Amino acid sequence: MLPVIFIGSGLIRGEYLNAVFVAVAMDGNNNTTPIAFGIGVANNVNSCTWFLMRLKDAIGEGREVAFITDMDDTISSYVGQVFPDAYHGYSSKSVLIYCRLRIGHSKNLDYLFFRPCKAYTTQDFQQSFSKLSDAAREVLTNIGNKKWARAYFPNIRWNVLNINIPEFLSVLSVTQRNVPIISLIDTIVQYIQQTFAES
């Protein structure tokens, strides 16, 4: 398993608890492997840190790991508190969405964004990055290149740009969000098993 863990959370409906936390890793064949689930209160520091502490217990101390989250996910704010020495980056898709929100959507933004995002060398990155608008370059520079651009990734992030955590959480359709917690977890597990069977 690659030492890259994607962490995300999603809202669920229920009487008491309203967030599901998911940690997913990638194996050597680029297949996703769920490694942890948690259920707690959405947008709550105690729930987020509780999940991250349990994840830390599961993966153990002393192992170098990289974490990737969506920029707008609440749990991303707490990764550095629980794993202070670990690399923490953002999924490329969430960085693009953030950039769109800041400068507006244009036809060329997606194409021009992914060129520097996927560049392997800093020279190729700089060449592609210079083609972005001034506003886009400013937004992306403020995020920090090592958070989203392959050419600046530390070795621990390998070559991993993105995994769509919300895709995992989409199995929680409106009709399935009002079921007991155990049924919710069963639904997630069935979805993951089906995904593995199809790949």
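This section reports on the structure supplied with the text. Keep in mind that this is a model prediction, so the values were computed, not measured.

1. Focus: the overall build of the chain
In step 1: Looking only at helices and strands, the chain features eight helices and five strands.
In step 2: Ordered by position in the sequence, the α and β elements of the chain form the string β-β-β-α-β-α-β-α-α-α-α-α-α.
In step 3: For the chain, the proportion of its 199 residues judged to be buried stands at 45%.
In step 4: Sequence-distant contacts in the chain: of pairs separated by 6 or more residues, those separated by 24 or more amount to 56%.
In step 5: For the chain, the accessible surface area stands at approximately 10700 Å², while carbon and sulfur atoms represent 50% of it.

2. Re the packing of helix H3 (residues 92–103) against helix H6 (residues 134–143)
In step 1: Running from amino to carboxyl end, H3 crosses H6 at an angle of 130°, the nearest separation of the two axes being 10 Å. Our classification of the angle between H3 and H6 gives oblique. In this structure, H3 meets H6 at a crossing whose hand is right-handed. Across from Val95, Tyr98, Cys99, Arg102 and Ile103 in H3, the residues of H6 making contact are Ala135, Ala136, Val139, Leu140 and Ile143.
In step 2: When its residues are assigned to classes, the contact of H3 with H6 shows nine nonpolar, no polar and one charged.

3. Looking at the pattern of salt bridges
In step 1: Overall, the coordinates contain three salt bridges when judged by the stated rule.
In step 2: Among the salt bridges present, the one from Arg100 reaches Asp110, with a minimum N-O distance of 2.7 Å. Of this pair, Arg100 sits in helix H3 while Asp110 sits in helix H4 (residues 109–118), and the two are ten residues apart along the sequence.
In step 3: For Arg100, a relative accessible area of 27% translates into the label partly exposed.

4. A few points about the nonpolar core
In step 1: If you look at the biggest cluster of nonpolar residues, it comprises 20 residues, and the most contacted ones within it are Val95, Phe113, Phe125, Leu132, Leu140, Ile143 and Trp148.
In step 2: Listing elements by their share of this core, those giving two or more residues are H3, H4, helix H5 (122–129) and H6.
In step 3: If you look at the next biggest cluster of nonpolar residues, it comprises 19 residues, including Phe21, Cys48, Ile75 and Val82.

5. Regarding H5
In step 1: For H5, the full list of buried residues reads Phe125, Ser128 and Phe129. Along the axis of H5, the buried positions cluster into a sector of 95°, meaning they face one direction only.
In step 2: In this fold, the buried residues of H5 make contact with H4 and H6.

6. A word on the side chain of Asp70
In step 1: Assignment of secondary structure puts Asp70 in the loop between strand S4 (66–69) and helix H2 (79–82).
In step 2: For Asp70, which is buried and forms no salt bridge, the nearest opposite charge comes from Lys93, at a distance of 8.9 Å.
In step 3: Within the local environment of Asp70, its side chain forms a polar contact with the side chain of Ser91, the two groups lying 2.7 Å apart.

Reading the values: the criteria
Along each chain, residues carry numbers from 1 onward, in the same order as the chain's sequence is written. With the structure being a predicted model, the display of local features is reserved for residues of pLDDT at least 70 and the display and counting of side-chain atom pairs for 80 or more, all residues being used for whole-chain, interface and lining totals. Based on all heavy atoms of the structure, the side-chain values leave hydrogens and waters out of the count. Strands here are runs of E lasting at least two residues and helices are runs of H or I lasting at least four, both read from the DSSP assignment and numbered beginning at the N terminus. A 1.4 Å probe rolled over the protein chains alone gives each residue an accessible area, and that area as a share of the maximum for its type sets the label: buried under 20%, exposed over 50%, partly exposed in between. Contacts were defined at the residue level, with two residues in contact if any of their heavy atoms lie within 4.5 Å. Residue exposure ignores everything except the shown protein chains as possible cover, and the areas themselves are Shrake-Rupley values with a 1.4 Å probe. Helix axes are fitted only over the stretch in contact, all axes being lines through C-alpha atoms; the angle between N-to-C directions runs from 0 to 180 degrees. Angle categories: roughly parallel below 35 degrees, roughly antiparallel above 145, roughly perpendicular from 65 to 115, and oblique for all the rest. For any pair of crossing helices, the crossing counts as left-handed if the nearer helix is rotated counterclockwise from the farther one by less than a right angle, and right-handed if it is rotated clockwise. Basically, the charged four are Asp, Glu, Lys and Arg, the nonpolar ten are Ala, Val, Leu, Ile, Met, Phe, Trp, Tyr, Cys and Pro, and anything else, Gly included, counts as polar. When a carboxyl oxygen of Asp or Glu is within 4 Å of a side-chain nitrogen of Lys or Arg, the pair counts as a salt bridge. Nonpolar cores are built from buried Ala, Val, Leu, Ile, Met, Phe, Trp, Tyr and Cys residues. Side-chain atoms within 4.5 Å join them into one set. Throughout, the arc means that of the directions going from the helix axis to the C-beta atoms. Under this rule, positive means Lys or Arg and negative means Asp or Glu; His and the chain ends count for nothing. Any pair of N or O atoms that falls within 3.5 Å is considered a polar contact. Within protein, one atom must be able to donate a hydrogen and the other to accept it, and sequence-neighbouring residues count only if both atoms are side-chain atoms.

Purely geometric stuff here, so don't read any function into it on its own.
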